[in-house]
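Geometric and topological summary
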Amino acid sequence: MKENVGKKDRLIRSIAGPALIGIGYTALDGRKGNIAGLATIVAGALLAESALTKVCPVNGILGIDTRENKGTLQRIKKVLE
C-alpha cells in the first residue's frame, strides 16, 4: 500500500497508540483478559503500527491522505460530504 499518513497524523498516532495500549492493559484490565481492555490494546497497537509504517488501511479505504502535499483538508471534506 502507498504511504498516506502525514507528519502531524504520525505524531498523534505515536502518542495515542501507546497511551491506548497502557490504558487497555491497566485501567481496563486487558492483562486479565477483559474484552474491552484487549480491544483497546489492539486499537492502540494498530495506531502505533500505522505511525511507524506511514500506512493506514482505513485512510486508504476512505481515500484520505494526510501528507501535507496532498491537500488534506480538501480530501477529508470530500469524504465527509
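Above this text you will find the structure in question.
This report concerns the structure included in the present document. Since this is a predicted model, take the numbers as computed values, not measurements.

Definitions and cut-offs
Residues numbered from 1 in each chain as written. Predicted model: local features only at pLDDT ≥ 70, side-chain atom pairs only at ≥ 80, totals over all residues. Heavy atoms only, no water. Helix = DSSP H or I, 4+ residues; strand = E, 2+ residues; numbered from the N terminus. Polar contact = N/O pair within 3.5 Å; in protein donor to acceptor, adjacent residues only side chain to side chain. Buried < 20%, exposed > 50% of the residue type's maximum accessible area, 1.4 Å probe, protein only. Contact = heavy atoms within 4.5 Å. Patch = residues over 30% accessible without salt bridge, like charges linked within 9 Å, V, L, I, M, F, W, Y side chains within 5 Å. Areas by Shrake-Rupley, 256 points an atom, 1.4 Å probe, with all protein chains shown as cover. Salt bridge = Lys/Arg side-chain N within 4 Å of Asp/Glu carboxyl O. Axes fitted to C-alpha atoms, helices over the stretch in contact; angles between N-to-C directions. Parallel < 35°, antiparallel > 145°, perpendicular 65-115°, else oblique. Left-handed = near helix turned anticlockwise from the far one by under 90°. Nonpolar A, V, L, I, M, F, W, Y, C, P; charged D, E, K, R; others polar.

**Overview of the environment of Thr66**
With respect to the helices and strands, the residue Thr66 is situated in the loop between α3 (57–62) and α4 (72–80). Put simply, Thr66 and Val5 are 61 residues apart on the chain and 5.1 Å apart in space, counted from C-alpha to C-alpha. Within the structure, Thr66 has its side chain in polar contact with the backbone nitrogen of Gly6 (distance 2.8 Å). There is a polar contact of 3.1 Å between the side chain of Thr66 and the side chain of Asp9.

**A word on the side chain of Ser50**
Within the fold, Ser50 resides in helix α2 (residues 35–53). With relative accessibility at 2%, the residue Ser50 sits in the buried group. In this structure the side chain of Ser50 is engaged in a polar contact, spanning 2.9 Å, whose partner is the backbone oxygen of Leu47. If near-sequence neighbours (up to four positions away) are discounted, Ser50 is found in contact with Val5, Arg13, Val55 and Cys56.

**Notes on a nonpolar patch on the surface**
On the surface, Val58, Ile61, Leu62, Val79 and Leu80 cluster together into a nonpolar patch covering about 510 Å² of accessible area. Breaking the nonpolar patch down by element, the ones donating at least two residues are α3 and α4. When residues in the nonpolar patch are grouped by element, the largest group, three residues, is from α3.

**Digging into the packing of helix α1 (residues 7–25) against α2**
Look at α1 against α2: their axes get within 7 Å of each other, and the N-to-C directions meet at 155 degrees. When the interaxial angle is binned, α1 and α2 end up roughly antiparallel. The two elements α1 and α2 cross, and the hand of that crossing is left-handed. Here Arg10, Arg13, Ser14, Ala16, Gly17, Pro18, Leu20, Ile21, Gly24 and Tyr25 of α1 come into contact with α2, specifically with Gly37, Thr40, Ile41, Gly44, Ala45, Leu47, Ala48, Ser50 and Ala51. Class assignment of the residues belonging to the contact of α1 with α2 gives a composition of 10 nonpolar, seven polar and two charged.

**Examining the pattern of salt bridges**
Going through the model one piece at a time under the given rule, you end up with three salt bridges. The closest approach of N and O atoms between Arg31 and Asp29, which form a salt bridge, is 3.7 Å. Residue class for Arg31 comes out partly exposed when judged on its relative accessible area of 43%. Residue Asp65 is joined to Arg67 by a salt bridge in which the shortest nitrogen-to-oxygen separation is 2.7 Å. Under the relative-accessibility criterion, Asp65 is labelled buried at 9%. Its relative accessible area of 23% is what places Arg67 among the partly exposed residues.

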